[in-house]
Amino acid sequence: MKKNNRGVALLCLLALFLTSCTGTQAAPQEETIQFFAMDTIMSITLYGEDPRPAGLEAQALIERLEKLWSVTEEDSDLSAIQSGGGTPVAVSPETADLLEACLHMAEETQGAIDPTVYPLVRAWGFTTGDYRVPPAEELEELLDRVDYREVEVSVQENLVTIPQGMELDLGAIAKGRSSDLAVNLLQEQGITSALLYLGGNVHALGRKPDGTLWRVGIQVPGDAGGAYLAVLEVEDRAVVTSGGYQRYFQQGENTYCHVIDPATGLPVENDLSSVSVVGPNGTTCDALSTALFVLGREGALEFWRQSQMTWPEEEHFDLILLGHTEEITITPGLEGRFTLAPGYEDWELEVAHP
Ligand code: AMP
Ligand code: MG
């Protein structure tokens, strides 16, 4: 026994000696994979000894999820649920899990995010691009078909039931869940450093290979050139932004954005031009980005304060709220990690009270 211990100690010493002799390990390779999915350009930058296969697997995973959660493809899980006509429909475990997460966030936000909002989204033309302002009576009628409480999900049996006439849209949360699942996959493949851009969803795994924090740009609302207003430094965080400027149409004097308030059936129009949610979980951040954008500045801050008191510490999140007139509110957790970019230093930056 004693001899054995000595042997192990010797081996450890030898290993240490060899590592120090070989000096620093070869620098990890960088690989960037770009593709189009979920109606947006995505890119995954990852580091490792041979990182490309893991990156391609993550891409394949996201493309598979896109097929499951598409509202337009006929063989998607969402289309199958729609055609269930009030009877239980078998779906993949990923769909049942995501829908359950979405219903949970709908509960938390009192319906500000609601996966049954799809008939309204389509009526305004956001699926087809045939934009229009639906008449009040039509909205009234469609609102009757919007209520997340009528959706039934069994994650044990992977079954979903919705009433006849109801339709689902997971667009407010799908990219967040995709980044979570892609990051899990990369970690399983031994990747410890990666940055994923899935449209407005950024997800950082670990730190940069040199040990410094990832630097994520926060976009100037509505700037077509994609100028950055500020830089946020993060590690193991999702940064998810919802904004009226991301997709909208104009008619006359009015602008109508793609986030719909499920309480009124109308596109959101309030004191926010965007909400970024910074937290450990992409799914939660994505759901919140949409919901808090619906709630407006005070509603968003109130929700954040409540969550600070009632959510487990490891689920706490931070916010960046942009108004319409060069004002920014951040929550205290971002202090020291949020820096206004050159040219934007005169924007009014306020730190919210806990
Ligand atoms: P996001 O960019 O994450 O805020 O998601 C916006 C997308 O979610 C829209 O393009 C719609 O497809 C869908 N959507 C719009 N409003 C809502 C809402 N209040 N709840 C759930 N999904 C919504
Ligand atoms: Mg969202």
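Anyway, here's the lowdown on the structure attached to this text. All figures in this text were calculated on a predicted structure; none of them were measured in a lab. (Residues numbered from 1 in each chain as written. Chains lettered and ligands numbered in written order. Predicted model: local features only at pLDDT ≥ 70, side-chain atom pairs only at ≥ 80, totals over all residues. Heavy atoms only, no water.)

### Observations concerning the overall build of the protein
- Scanning the protein for helices and strands turns up eight helices and 17 strands.
- Dimensions along the principal axes, computed over C-alpha positions, put the protein at roughly 85 × 55 × 40 Å.
- For the protein, with 354 residues in total, the buried portion stands at 49%.
- The long-range fraction of contacts in the protein, counting pairs at least 24 apart against all pairs at least 6 apart in sequence, stands at 60%.
- A total accessible area of about 17700 Å² is found for the protein, and carbon and sulfur atoms account for 49% of it. (Helix = DSSP H or I, 4+ residues; strand = E, 2+ residues; numbered from the N terminus. Buried < 20%, exposed > 50% of the residue type's maximum accessible area, 1.4 Å probe, protein only. Contact = heavy atoms within 4.5 Å. Areas by Shrake-Rupley, 256 points an atom, 1.4 Å probe, with all protein chains shown as cover.)

### Here we look at the coordination of the magnesium ion (ligand 2)
- Protein-derived ligands of the magnesium ion (ligand 2) are Ala 172 (O), Asp 286 (O), Asp 286 (OD) and Thr 290 (OG1), with the metal-ligand distances lying across 2.1 to 2.4 Å.
- All donor residues of the magnesium ion (ligand 2) come from one chain, and their arrangement in sequence is A-x113-D-x3-T. With a gap of four residues between them, Asp 286 and Thr 290 both fall in helix H8 (residues 282-310), about one helical turn apart. With respect to burial, Asp 286 and Thr 290 carry one shared label: buried. (Donors = N, O, S within 2.8 Å, 3.2 Å for Na, K, Ca; no water.)

### Here we look at the sheet that holds strand S10 (residues 237-243)
- With mixed pairing, the nine strands of this open sheet are ordered in space as S1-S2-S6-S7-S10-S13-S14-S15-S17. The strands lining the two open edges of the sheet, one partner per strand, are strand S1 (29-37) and strand S17 (348-351). For this sheet the average axis-to-axis angle between neighbouring strands, irrespective of direction, equals 10°.
- Of the strands in this sheet, S1, strand S2 (40-48) and strand S6 (194-198) are in contact with helix H2 (residues 52-69), which crosses S1 at around 15°. (Pairing = 2+ DSSP bridges. Axes fitted to C-alpha atoms, helices over the stretch in contact; angles between N-to-C directions.)

### A short note on the sheet that holds strand S4 (residues 152-154)
- Strand order in the open sheet formed by three strands is S3-S5-S4, with antiparallel pairing between adjacent strands. The open sheet terminates on both sides in strands that have one partner only, identified here as strand S3 (89-90) and S4.
- Relative to strand S5 (residues 159-161), S4 runs antiparallel, the two being bridged by three bridges. Looking across to S5, one finds that Ser 154 is bridged to Leu 159.

### So, the side chain of Asn 158
- Locating Asn 158 in the fold gives a position in the loop between S4 and S5.
- The buried category is assigned to Asn 158, whose relative accessible area is 18%.

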